[in-house]
Amino acid sequence: QYGQMVGASPAMLAVYDMLQRLEGVDAPTVLVHGESGTGKELVAQAIHDRGPRRTGPFVEIDCASLPDTLIESELFGHERGAFTDARQQKRGLFEVARGGTVFLDEIGEMPITTQAKLLRVLETRKMRRVGGTTDIAIDIGIVAATNRDLAKEADAGTFRRDLYYRLAVIPIALPPLRARTGDIAPLVMHFLDHFKKRIPGPLDKVAPDTLRALQDYNWPGNVRELKNVVERMVTLYRDEPELTVACLPPEVRFARPEPVTVKGGGRFILPPEGVDLDAVEH
């Protein structure tokens, strides 16, 4: 376990190793890449908590949830009268986070015009409020996250290539949960202990066949989906001594194993009992 992240698979150990190398370092910019639900915000929080800016604020900005018309005002602030309804001066989140860390979640959703202004801020470490004429020095760490392939987005012209290179000074790739099924059991027990504090009951075990079913599921929503499944089971079956297969939601309980793709392009379902080598060769 590292920070709030749980898992000891080789892929996660590589992530922990990178984070340990960043401990106490005022990293220029960090770009965290991974599918939705893999825990990118936990990586950003760990960088902040174990870095030199740990005593400063940690400000999270979801670029996907801010309308294009408001994102610049939210990031950089605005002066009174800068636009309709700007009745007073407002500090942007970059100013609010001074001395701390800004986490730009879903950076790939940022409008291209705002990307140009963000690049200038990263290069000069100065910003200007919307409608303002004075540059303001900022002292913040930047961690950005995306579930998109920004290199391909840059090739397609939907993301600025120069901003991509500026953000990806320190890249960290988070693996999907299906690529680290060995971490599912400790994650389940971690979430079980977590939810038992809020939902008391005799439940304290997970049956082995339940864990196997959880490991066989593909987890398109990754760790976030697993957490929600465990919360659902703890809530509904808190009076049971252990979580059995019958406690699993239908989408997990009755899921078919994912087809295995072989080098030649064929697809087959690997049965639990295995297959005969001669039959495979044939």
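Residues numbered from 1 in each chain as written. Predicted model: local features only at pLDDT ≥ 70, side-chain atom pairs only at ≥ 80, totals over all residues. Heavy atoms only, no water.

Chemist: Got a sec to walk through the overall build of the protein? Specific residues and values, please.
Modeler: Looking only at helices and strands, the protein features 12 helices and 13 strands. Dimensions of the protein, computed from C-alpha atoms along their principal axes, come out at roughly 70 × 50 × 40 Å. Burial analysis of the protein (282 residues in total) assigns 41% to the buried set. Of the contacts formed within the protein by residues at least 6 apart in sequence, a portion of 71% connects residues at least 24 apart. When the accessible surface of the protein is summed, it comes to about 15,100 Å², and 51% of that surface belongs to carbon and sulfur atoms. (Helix = DSSP H or I, 4+ residues; strand = E, 2+ residues; numbered from the N terminus. Buried < 20%, exposed > 50% of the residue type's maximum accessible area, 1.4 Å probe, protein only. Contact = heavy atoms within 4.5 Å. Areas by Shrake-Rupley, 256 points an atom, 1.4 Å probe, with all protein chains shown as cover.)

Chemist: Which residues make up the pattern of salt bridges, and what are the values?
Modeler: For the structure shown, the criterion picks out 19 salt bridges. Note that Glu-72 is salt-bridged to Lys-117, the shortest N-O span being 2.6 Å. Separated by 45 residues along the polypeptide, Glu-72 in helix α3 (residues 71-76) and Lys-117 in helix α5 (residues 112-124) bring together distant segments of the chain. Here Arg-120 makes a salt bridge to Asp-135, at a shortest N to O gap of 3.3 Å. One end of the pair, Arg-120, is in helix α5; the other, Asp-135, is in the loop between β6 (126-127) and β7 (136-137), and 15 residues separate them in sequence. The class of Arg-120 is partly exposed, set by a relative accessible area of 36%. (Salt bridge = Lys/Arg side-chain N within 4 Å of Asp/Glu carboxyl O.)

Chemist: Give a description of the sheet that holds strand β1 (residues 29-33) that names residues and reports values.
Modeler: Overall, parallel pairing links the five strands, which are arranged β2-β5-β8-β1-β9 in an open sheet. The sheet terminates laterally at β2 (58-62) and β9 (170-173), the two strands that pair on one side only. For this sheet the average axis-to-axis angle between neighbouring strands, irrespective of direction, equals 20 degrees. Alignment of β1 against β9, held across four bridges, turns out to be parallel. Looking at the pairing, Leu-31 lines up with Pro-171 of β9. Against the sheet, helix α1 (residues 10-22) engages β1 and β9, with an angle of about 150 degrees to β9. (Pairing = 2+ DSSP bridges. Axes fitted to C-alpha atoms, helices over the stretch in contact; angles between N-to-C directions.)

Chemist: I'd love a proper account of the pairing of β2, names of residues and values included.
Modeler: Across a regular strand the side chains alternate sides, sitting on one face of the sheet and then on the other. Alternating positions in β2 separate cleanly, Val-59 and Ile-61 being buried on one face and Phe-58, Glu-60 and Asp-62 remaining unburied on the opposite face. Pairing geometry for β2 and strand β5 (residues 101-105), over five bridges, is parallel. Bridge assignment links Ile-61 to a residue of β5, and that residue is Leu-104.

Chemist: So, the side chain of His-78: which residues are in play, and what are the values?
Modeler: You can see His-78 is positioned in strand β3 (residues 77-78). Contacts of His-78, omitting those with residues within four sequence positions, involve Ser-73, Phe-83, Ala-86, Gln-88, Gln-89, Lys-90, Arg-129 and Val-130.

Chemist: Give me the lowdown on α1, citing residues and values where you can.
Modeler: End to end, α1 covers 19 Å across 13 residues, agreeing with the expected 18 Å (1.5 Å per residue, within 8%). The set of residues buried in α1 consists of Met-12, Val-15, Tyr-16, Leu-19 and Leu-22. End-on, the buried residues of α1 take up no more than an arc of 115 degrees, which puts them together on one face. Turned more than 90 degrees away from the buried face of α1, the exposed residues are Pro-10 and Arg-21. For α1, the elements touching its buried residues are β1, α2 (40-49) and β9. Phi for Gly-24, located one or two positions after α1, is positive at around 75 degrees. (Expected span 1.5 Å × (residues − 1). Arc of directions from axis to C-beta.)

Chemist: A description of the nonpolar core should follow, citing residues and the corresponding values.
Modeler: Grouped burial of nonpolar side chains is what soluble globular proteins tend to show. Within the largest apolar cluster, 27 residues are counted, with the highest numbers of intra-cluster contacts made by Phe-94, Leu-104 and Ile-107. Sort the elements by how many residues they give to this core and α5 lands first, with four residues. When near neighbours in sequence (up to four residues on either side) are disregarded, Leu-104 contacts Ile-61, Cys-63, Leu-75, Phe-94, Leu-118, Ile-142, Val-143, Ala-144 and Ala-145. Among the nonpolar cores identified, the runner-up in size contains 26 residues, and Leu-192, Ile-199, Leu-203 and Trp-219 belong to it. (Core = buried A, V, L, I, M, F, W, Y, C linked by side-chain atoms within 4.5 Å.)

Chemist: Before we move on, can you summarise the packing of helix α8 (residues 184-196) against helix α10 (residues 222-236) with the specific residues and values?
Modeler: Packed helices, taken two at a time, are described by the angle their axes make and the gap between the axes. At a minimum axis distance of 9 Å, the contact between α8 and α10 shows a crossing angle of 50 degrees. In this view, α8 runs oblique relative to α10, as classed from their interaxial angle. Our pair here, α8 against α10, has a crossing hand that is right-handed. Residues Ile-184, Leu-187, Val-188, Phe-191, Leu-192 and Phe-195 of α8 form the contact with α10, whose participating residues are Val-223, Leu-226, Lys-227, Val-230, Glu-231 and Val-234. Classifying every residue of the contact of α8 with α10 by side-chain character gives 10 nonpolar, no polar and two charged. (Parallel < 35°, antiparallel > 145°, perpendicular 65-115°, else oblique. Left-handed = near helix turned anticlockwise from the far one by under 90°. Nonpolar A, V, L, I, M, F, W, Y, C, P; charged D, E, K, R; others polar.)

None of this, on its own, says anything about what the molecule does.
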